[in-house]
Amino acid sequence: MDIRQKEAREYKALPLAYYHLCTDGWSNGKLFNNTAQFRFGMATIALVAVMFDAKIISFELMPNHVHIILYGTGETCLTVFRFIRHRVVTRLKEDGNLLPPDDYWFKLKPLPDKKALQQEIIYLARNPYEKEIAIPGCYLWGSSYLFFSRVADFVRGKLVREISVREVRRAIGSKIPLPETWEIHPDLGVLPRSYVRTDIVCARFNSAKEYLTRLVKDYESAVHIAQELGEEIALSREEMNDILYKKATEMFPGRLVKNLTQEEKGRLAVVLEKQYHFTSQTLADLLYMPERIISQFLNSKDFGYRKR
């Protein structure tokens, strides 16, 4: 039994719960190469909501991977992934694009409590922002633009019951009927407002302010989740400075970073490397110290966490 088969069996045995389904990042090609393919991807997620016993909580279609938070069984999640992969590969083949490898796979992460669900919702919303595609809440190929946004109320489409069956089938690339109250936008395809459980998302946060603050400030959770999923997260210099000052305040209350001793900066560097995976060069730039000295602290028996 190979690794994929073993993982499939493990996923299949998982109970009814919330999960984060993340497909592999495809470094050699794209799952969605143009607007038409993204629109097809939006129809694919809509069909998931129709065809399978799963609630779609949030999702984002990135150019080379897909994130979905859903409520269902592990077996349903496995079937959902295979359905999405089949649809995407079929469309790429029709369009003459490069196809993902035969063993293209995914990760399924259980979300056991409210905190975990909150963190993953935030992570999905940050994804287009991390990739510098759009500011939070302004990426249209997903559902995060719906949350706590009154502008989203004006992104509307035509009701399915007002569109001919032939046109609906052409729009979604399937004969599976959609609920007549769902909406299809001429440019964006099936709108996620039709089926995404925004009520579940909004109930997990006390306010729009809490949601947005966590979205732009909860760096530690973002880094941790990215590591679990095997993804890279690119923090800006401003974000790294924000992390530095926050961590320095926690470790050395009432002290300015510039007034810390070399030993104190070394302790700070070790914590930042451990929690946020800052490189020695990045730490050297942030702390205005030679990279050689930073490396010594990171590898020190007394300071470096690897030695403990």
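Only a predicted model underlies this, so the values are computations on that prediction, with no experimental measurement involved.

*Asks:* Account for the overall build of the protein, with residues named and values stated.
*Replies:* Within the protein, the regular secondary structure consists of twelve helices and seven strands. For the protein, the spread of C-alpha atoms along the three principal axes comes to 70 × 50 × 35 Å. Going through the 308 residues of the protein one by one, you find that 50% of them count as buried. For the protein, the share of sequence-separated contacts (at least 6 apart) that also reach a separation of at least 24 residues comes to 71%. When the accessible surface of the protein is split by element, carbon and sulfur atoms take 50% of a total near 16000 Å².

*Asks:* I'd like to hear about the packing of helix H4 (residues 114-130) against helix H8 (residues 219-229), residue by residue, with values.
*Replies:* Two elements in contact, H4 and H8, have axes separated by 10 Å at closest approach and are oriented at 85°. As the angle between them shows, H4 and H8 are arranged roughly perpendicular. Mapping the contact onto sequence places Gln 119, Glu 120, Tyr 123 and Arg 126 in H4 and Tyr 219, Ser 221, Ala 222, Ile 225, Ala 226 and Leu 229 in H8. Here the residues of the contact of H4 with H8 are counted per class, giving six nonpolar, two polar and two charged.

*Asks:* Give me the environment of Leu 117: which residues, what numbers.
*Replies:* Within the fold, Leu 117 resides in helix H4. Under the relative-accessibility criterion, Leu 117 is labelled buried at 1%. When the C-alpha positions of Leu 117 and His 20 are compared, they lie 8.7 Å apart, and in sequence the two are 97 residues distant. Contacts of Leu 117, omitting those with residues within four sequence positions, involve Tyr 18, Ile 69, Leu 111 and Arg 204.

*Asks:* Residue-level account of the sheet that holds strand S1 (residues 17-23), with values.
*Replies:* Adjacent strands of a sheet pair through backbone hydrogen bonds, lying either parallel or antiparallel. Overall, antiparallel pairing links the four strands, which are arranged S2-S3-S1-S4 in an open sheet. The sheet is open, and its two edges are formed by strand S2 (55-62) and strand S4 (106-111), each paired on a single side. Between one strand axis and the next, the sheet turns by 15° as a mean value, whatever way the strands run. Here six bridges tie S1 to strand S3 (residues 65-72), and the two strands are oriented antiparallel to one another. Bridge pairing in S3 links Tyr 18 to Tyr 71. Packed on one face of the sheet, helix H2 (residues 35-51) meets S2 and S3 and runs near 165° to S2. Those strands touched by H8 are S1, S3 and S4, and its axis lies near 135° from that of S4.

*Asks:* Can you break down the side chain of Ser 221 residue by residue, with the values?
*Replies:* Its location among the elements puts Ser 221 in helix H8. Polar contacts involving the side chain of Ser 221 include one to the side chain of Gln 119, which spans 3.1 Å.

*Asks:* Any chance you could break down the packing of aromatic side chains for me, citing the residues and the numbers?
*Replies:* In this structure the tally under the stated criterion is 15 aromatic pairs. Their ring planes at 85° and their centres at 6.4 Å tell us that Phe 147 and Tyr 211 sit as a pair that is edge-to-face. One end of the pair, Phe 147, is in the loop between H4 and strand S5 (158-159); the other, Tyr 211, is in helix H7 (residues 208-217), with 64 residues separating them in the sequence. Of the two residues examined, Phe 147 and Tyr 211, each falls in the buried class.

*Asks:* Quick rundown of H8? Include the residues and the values.
*Replies:* For an α-helix, the turn length of 3.6 residues means that residues three or four places apart are oriented alike. Tyr 219, Ser 221, Ala 222, Val 223, Ile 225, Ala 226 and Leu 229 are the residues of H8 that are buried. Gly 230 sits one or two residues past H8 and shows a positive phi near 75°.

*Asks:* Give a detailed account of the packing of helix H11 (residues 280-287) against helix H12 (residues 291-299), specifying residues and quantitative values.
*Replies:* With their axes 8 Å apart at the nearest point, H11 and H12 run at an angle of 115° to one another. In this structure, H11 meets H12 at a crossing whose hand is right-handed. Within the contact between the two elements, H11 uses Ser 280, Gln 281, Leu 283, Ala 284 and Leu 287 and H12 uses Glu 291, Ile 294, Ser 295 and Leu 298. Class assignment for the residues of the contact of H11 with H12 results in five nonpolar, three polar and one charged.

*Asks:* Quick rundown of the pattern of salt bridges? Include the residues and the values.
*Replies:* If you walk through the whole model with that rule in mind, you get 13 salt bridges. When the shortest N-O distance is used, the salt bridge between Asp 95 and Arg 91 registers 2.9 Å. Note that Asp 95 and Arg 91 are positioned in helix H3 (residues 74-95) at a spacing of four residues, about one turn of the helix. The class for Arg 91 is buried, based on a relative accessible area of 19%. Between Asp 218 and Arg 214 there is a salt bridge; the shortest N-O distance is 3.6 Å. For the pair Asp 218 and Arg 214, one class covers both residues: buried.

Reading the values: rules and limits
Residues numbered from 1 in each chain as written. Predicted model: local features only at pLDDT ≥ 70, side-chain atom pairs only at ≥ 80, totals over all residues. Heavy atoms only, no water. Helix = DSSP H or I, 4+ residues; strand = E, 2+ residues; numbered from the N terminus. Buried < 20%, exposed > 50% of the residue type's maximum accessible area, 1.4 Å probe, protein only. Contact = heavy atoms within 4.5 Å. Areas by Shrake-Rupley, 256 points an atom, 1.4 Å probe, with all protein chains shown as cover. Axes fitted to C-alpha atoms, helices over the stretch in contact; angles between N-to-C directions. Parallel < 35°, antiparallel > 145°, perpendicular 65-115°, else oblique. Nonpolar A, V, L, I, M, F, W, Y, C, P; charged D, E, K, R; others polar. Pairing = 2+ DSSP bridges. Polar contact = N/O pair within 3.5 Å; in protein donor to acceptor, adjacent residues only side chain to side chain. Phe/Tyr/Trp six-rings, centres within 6.5 Å; stacked < 30°, edge-to-face > 60°. Left-handed = near helix turned anticlockwise from the far one by under 90°. Salt bridge = Lys/Arg side-chain N within 4 Å of Asp/Glu carboxyl O.

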